[in-house]
Amino acid sequence: MKRLLSSAGALAGLIGLLVVLNGGAPTWAEDGVTDKEVIIGAGMDLTGAVANWGVNIKAGMEAVFDRVNDAGGVHGRKIKLIAYDHVYQPPKAVTNAKRLVERDKVFVMMGHLGTPTTKAIKEYLEEKQVPNIFPATLASMWTTSGKWHVGDLASYADQTWLIIDYLVNERKIKKIASFYQDDEYGLDGHLAGKARLKQYELAYVAEVDYKRADIDFSSQAAKLKESGAEAVIVQAVYREPPRLAEQCHAIGYYPQFIGPGPIVVNKTIELGGKHVEGLIGVEVYPLPTDPGPFLDLYRADMKKYFPGLPPDTTNLYGYQKAALFVEALQRTGRNLTRDSLLKSIESIKDWDPGWGLKYSYGGDNRRGMSRVGRLVMVKNGKWTKMSQWIELKEGGRR
Amino acid sequence: MVEILTSQVVSGLATGCVYALIALGFVLIFKATDVVNFAQGEFVMASGFISYTLLIRFELPYWLVFLATIALSGIMGVALERVVVRPIMTAPIFSIVIATIGASIVMRSSAGILYGYDVLPLPTIFSKDPIHWGVLNFTLMDAGVIGSSLVIMVVLYLFFKLTKTGTAMRATAQSQTAARLMGVSVGRIFSLTWAISAGIGGVAGVLIAPIIYLDPNLGFIGVKAFAGAILGGFGSIPGAIVGGMLLGILENLSGYFFNAGIKQVSTYILLILVLVVRPGGLFGAAPIRRV
């Protein structure tokens, strides 16, 4: 015991000495922030089941950072993004997060991809007090989990309410089924849809799940057909809707497929061809081909920094996150700490980057541009607008 | 109900046929050379990318691509045997197994570096539109996969049964020493076995990639096929075929009667059950342990 105490004392002395010695040099209070640089981290899927999203979100974010860095950075600091591949697997996401926080000493986690993967590091980030800024997941948990988590766009729950309202009110469809990824991602929209249906005194006629990275859905297709559902909500990403549609069509079953933002990707059309004609998705930010100065800048930046990647909803998603992050850094000024960054995000009110939609934060609001969405449909092999921007209800899961 | 069940069985059988082809590749190499080649799944993946390149980048006709892919895949098999396996043939079996796992990682990463990790659609000549035939509900794709697989299996059977080379291969599988004494060039037979196994893997790749999309992780399908081979009795050719087919059907039915979670583990539950009752697998001889 005595030895333990004395070694603890020695350690404390050593730390004290280090602090004193370090006092002369210009240091910043936070990890990842130096005189000339701010280092941010992200876990991405670069080689796994949702790699199309991962590779493009990373590129979209870097396009903004490259432009800003070429112009001298923000308040004299260049932005450096360190991204590791978690292959859309929660255990790998945890290892990567520890590496980013403890070894690379990142200032914040920014644009971390995937609901199950980000959920896996949620408590770790809270414990280490590292903000989780604009994670690349729109599960509703990021808007309601307190100080350390900041979302950006309308959640899957909100989007699913829009889907149910559209199906029930406009299409007069009452037989609705849910096909969902069996994890926190799929459940967010699935449960919200259930709650919304209940308000219409309806219920799903079938609830079928699939596992991340599954690619054979013939049994799900059979169950959906048997339920007689006229519409199937696909709480999935881009590989599943084309495959499910194909397998439903193979047994002579042609329901209306409809799903939240993650399916609205050109890859869905590339994989599905004629089987995804008529597929409906929810958009929570403009299409990459829409007009507007911000989208012009996006197209120019992507062409300059990532000429190999065509404009797509995936890289635009990363791009808008990075633009919002740069705006927050601008507002924070030279004295950059985790607290000051979070405060300046809260100061963002009605901020429009130049595409006609506004971000607002403040108080408990961790949603940014939460309330806006619209429907898009695959027509002649292209995502096409179906409606104008709609003010979304804040969808609950109960 | 009956219609849906039959459609489940048919589409399961199509996937099962592909498992069976890959399992066949495992078993052929194992029988001839006592090596378990864990890069077998990677032949499937690689041939998917080969046919993608020939079809999309070189715009060759489909039948030519089909044949060229099988040939190129076969050459890849010989190369793997010559470069990776042959030099360490005298090493303990575990070293060889690890070497094939290493080779599979190298192949997967190379595909990732060359083509990226995004999923790609591979065109096919078989239509995915539904066909009704009595209570049968299927697509031309299913029928094409099942038909092509059966043709390959019959051709292989005839090759082993009727040709001199086939007989030499069977002899080598029985006893390398005896075959050598009879004037069979065992080294040449090894190369040929790897070429045939990889070629069958190539057929599986061309058939399955349009169904489950093409990406560098496609080779993991080999794990399921391996389970199919064990189910049938590792080392038995009919076992590999039946085991693979059963697995495909079982997966579909368990997904239909239960949920996605059960579907995922159903393969392994069945595998354990079969091995408890028949340790040698369905068609394998029970292992004899001499005390």
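If you're wondering where the values come from, they're calculated on a predicted model, not measured in any experiment. (Residues numbered from 1 in each chain as written. Chains lettered and ligands numbered in written order. Predicted model: local features only at pLDDT ≥ 70, side-chain atom pairs only at ≥ 80, totals over all residues. Heavy atoms only, no water.)

**Looking at the packing of helix α10 (residues 293-305) of chain A against helix α11 (residues 313-332) of chain A**
Residue and element names in this part refer to chain A.
- Interhelical geometry of α10 versus α11 gives an angle of 110° and a closest axis separation of 11 Å. When the interaxial angle is binned, α10 and α11 end up roughly perpendicular. Read as a crossing pair, α10 and α11 show a hand that is right-handed. Note on element contacts: α11 touches α10 through Asn 315, Leu 316, Tyr 319, Gln 320 and Ala 323, opposite Phe 294, Leu 295, Leu 297, Tyr 298, Asp 301 and Met 302.
- When grouped by side-chain class, the residues that make up the contact of α10 with α11 number eight nonpolar, two polar and one charged. (Axes fitted to C-alpha atoms, helices over the stretch in contact; angles between N-to-C directions. Helix = DSSP H or I, 4+ residues; strand = E, 2+ residues; numbered from the N terminus. Parallel < 35°, antiparallel > 145°, perpendicular 65-115°, else oblique. Left-handed = near helix turned anticlockwise from the far one by under 90°. Contact = heavy atoms within 4.5 Å. Nonpolar A, V, L, I, M, F, W, Y, C, P; charged D, E, K, R; others polar.)

**What about the interface of chain A and chain B?**
- On the side of chain B, 29 residues touch chain A, which itself brings 33 residues to the contact.
- Note on chain A versus chain B: buried area summed over both sides is about 2,600 Å², and carbon and sulfur give 51% of it.
- Connecting chain A to chain B are four salt bridges.
- Across the pair A:Lys274 and B:Asp129 runs a salt bridge whose closest N-O atoms are separated by 3.0 Å.
- Where chain A meets chain B, there are 14 residue pairs in polar contact (both at pLDDT 80 or more).
- A total of seven residues in the side of chain A that touches chain B trace back to one element, the largest contributor, which is helix α7 (residues 218-227) of chain A. (Buried area = accessible area lost by both parts, 1.4 Å probe. Salt bridge = Lys/Arg side-chain N within 4 Å of Asp/Glu carboxyl O. Polar contact = N/O pair within 3.5 Å; in protein donor to acceptor, adjacent residues only side chain to side chain.)

**Focus: the pairing of strand β1 (residues 130-133) of chain B**
Residues and elements named next belong to chain B.
- For β1 and strand β2 (residues 136-139), the ladder comprises four bridges, and the chain directions are antiparallel. Within β2, the residue paired with Ile 131 across the bridge is Phe 138.
- Linking β1 to β2, which pair antiparallel, is a turn of two residues; within it Gly 134 sits at a positive phi near 65°. (Pairing = 2+ DSSP bridges.)

**Let's talk about unusual backbone geometry**
All names here are of chain A.
- One non-glycine residue, Lys 105, lies in the positive phi region at around 55°.
- Mapping Lys 105 onto the fold places it in the loop between α3 (90-103) and β3 (109-110).
- The exposure class assigned to Lys 105 is partly exposed, which follows from its relative accessible area of 39%. (Buried < 20%, exposed > 50% of the residue type's maximum accessible area, 1.4 Å probe, protein only.)

**So, the nonpolar core**
- Ranked by internal contacts, the top residues of the largest apolar core, which has 168 residues, are A:Phe65, A:Ile133, A:Phe325 and A:Leu341.
- A total of 14 residues in this core trace back to one element, the largest contributor, which is helix α1 (residues 2-33) of chain B.
- Counting contributing residues per domain, this core is built from domain 1 (37-154 + 288-367) and domain 2 (156-283 + 375-391) of chain A, each supplying no fewer than three.
- Excluding its chain neighbours within four sequence positions, the residues that come into contact with A:Phe65 are A:Ile40, A:Ile79, A:Leu81, A:Ala322, A:Phe325 and A:Val326.
- Listed in part, the 27 residues of the second largest apolar core include A:Leu224, A:Phe257, A:Ile263 and A:Leu279. (Core = buried A, V, L, I, M, F, W, Y, C linked by side-chain atoms within 4.5 Å. Domains from an automatic or database assignment.)

**Notes on the environment of B:Leu140**
All names here are of chain B.
- Mapped onto the secondary structure, Leu 140 falls in helix α5 (residues 140-162).
- Considered as a pair, Leu 140 and Phe 283 are 143 residues apart in the sequence and their alpha carbons are 31 Å apart.
- Ignoring anything within four residues of it in the chain, the contact list for Leu 140 reads Phe 126, Ser 127, Asp 129 and Ile 131.

**Regarding helix α6 (residues 164-174) of chain B**
Residues and elements named next belong to chain B.
- Turning to α6, its buried residues number three or more, namely Gly 166, Ala 168, Met 169 and Thr 172. Projected onto a plane normal to the axis of α6, the buried residues spread over an arc of 160° and lie on a single side. Across from the buried face of α6, at angles greater than 90 degrees, the exposed residues are Lys 164 and Gln 174.
- Buried residues belonging to α6 abut α1, α5, α7 (176-181) and α8 (186-212).
- Regarding α6, its N-cap is Thr 163, as a side-chain oxygen of that residue lies 2.9 Å from the backbone nitrogen of Gly 166 further along. (Arc of directions from axis to C-beta.)

**What about empty space enclosed by the protein?**
- Enumeration over the complete set of coordinates arrives at four cavities of 30 Å³ or more.
- Looking at the largest cavity, its volume works out to about 270 Å³.
- In terms of lining, the largest cavity is formed by 20 residues, of which the most central are A:Gln247, A:Ala250, B:Ser11, B:Thr139 and B:Asp142.
- If you list the elements that add at least two residues to the lining of the largest cavity, you get α7 and α8 (240-250) of chain A together with α1, β2 and α5 of chain B.
- Looking at the lining of the largest cavity element by element, the count peaks at five residues for α1(B).
- Taken as a whole, the second largest cavity spans an internal volume of roughly 230 Å³. (1 Å grid on protein atoms, 1.4 Å probe; cavity = no way out; pocket = protein on both sides within 12 Å on 5 of 7 lines; lining within 4 Å. Points joined across faces, edges and corners; volume = space filled by probe spheres on them.)

**Some words on the domain arrangement of chain A**
Residue and element names in this part refer to chain A.
- Assigned domains of chain A: these are domain 1 (37-154 + 288-367) and domain 2 (156-283 + 375-391).
- The distance between the C-alpha centroids of domain 1 and domain 2 comes to 27 Å.
- Opposite the 23 residues of domain 1 that make contact, domain 2 presents 23 residues.
- Here domain 1 meets domain 2 over a buried area of about 1,800 Å², counting both sides, of which 55% is carbon and sulfur.
- Taken together, the links from domain 1 to domain 2 amount to two salt bridges.
- A salt bridge links Glu 184 to Lys 119, with the shortest nitrogen-to-oxygen separation between them at 3.8 Å.
- In this structure, the connection of domain 1 to domain 2 is made through 10 residue pairs in polar contact (both at pLDDT 80 or more).
- Elements with a contribution of two residues or more to the side of domain 1 that touches domain 2: α2 (51-70), α4 (115-128) and α11.
- Of the residues assigned to the side of domain 1 that touches domain 2, the class counts are 13 nonpolar, six polar and four charged.

**Some points on the environment of A:Val234**
All names here are of chain A.
- Note that Val 234 resides in strand β8 (residues 231-235).
- Since its relative accessible area comes to 1%, Val 234 is described here as buried.
- For the pair formed by Val 234 and Asp 209, sequence separation is 25 residues and the distance between their alpha carbons is 9.8 Å.
- If we ignore the near neighbours within four places in the chain, the residues touching Val 234 are Phe 179, Pro 241, Leu 244, Phe 257, Ile 258, Gly 259, Pro 260 and Ile 263.

**Let's talk about the packing of aromatic side chains**
- The final tally for this structure, using the stated rule, is 19 aromatic pairs over all chains.
- Relative to A:Phe217, the ring of A:Tyr210 lies with its centre 5.5 Å away and its plane at 70°, an arrangement referred to as edge-to-face.
- Ring centres of A:Phe294 and A:Tyr319 lie 5.5 Å apart, and the angle between their planes is 50°; on these two criteria the pair is classed as tilted. With A:Phe294 in helix α10 and A:Tyr319 in helix α11, this residue pair connects regions lying 25 residues apart in the sequence.
- A relative accessible area of 5% means that A:Phe294 is categorised as buried.
- Assessed through its relative accessible area of 0%, A:Tyr319 is described here as buried.
- What links up through ring pairs into an aromatic cluster is the set B:Phe26, B:Phe30, B:Phe38, B:Phe226 and B:Phe234.
- Sitting above the plane of the A:Tyr84 ring, A:Arg99 keeps its charged end 3.9 Å from the centroid.
- Lying over the aromatic face of A:Tyr88, A:Arg212 brings its terminal NZ or CZ to 5.9 Å of the ring centre. (Phe/Tyr/Trp six-rings, centres within 6.5 Å; stacked < 30°, edge-to-face > 60°. Lys NZ or Arg CZ within 6 Å of the ring centre and 35° of its normal.)

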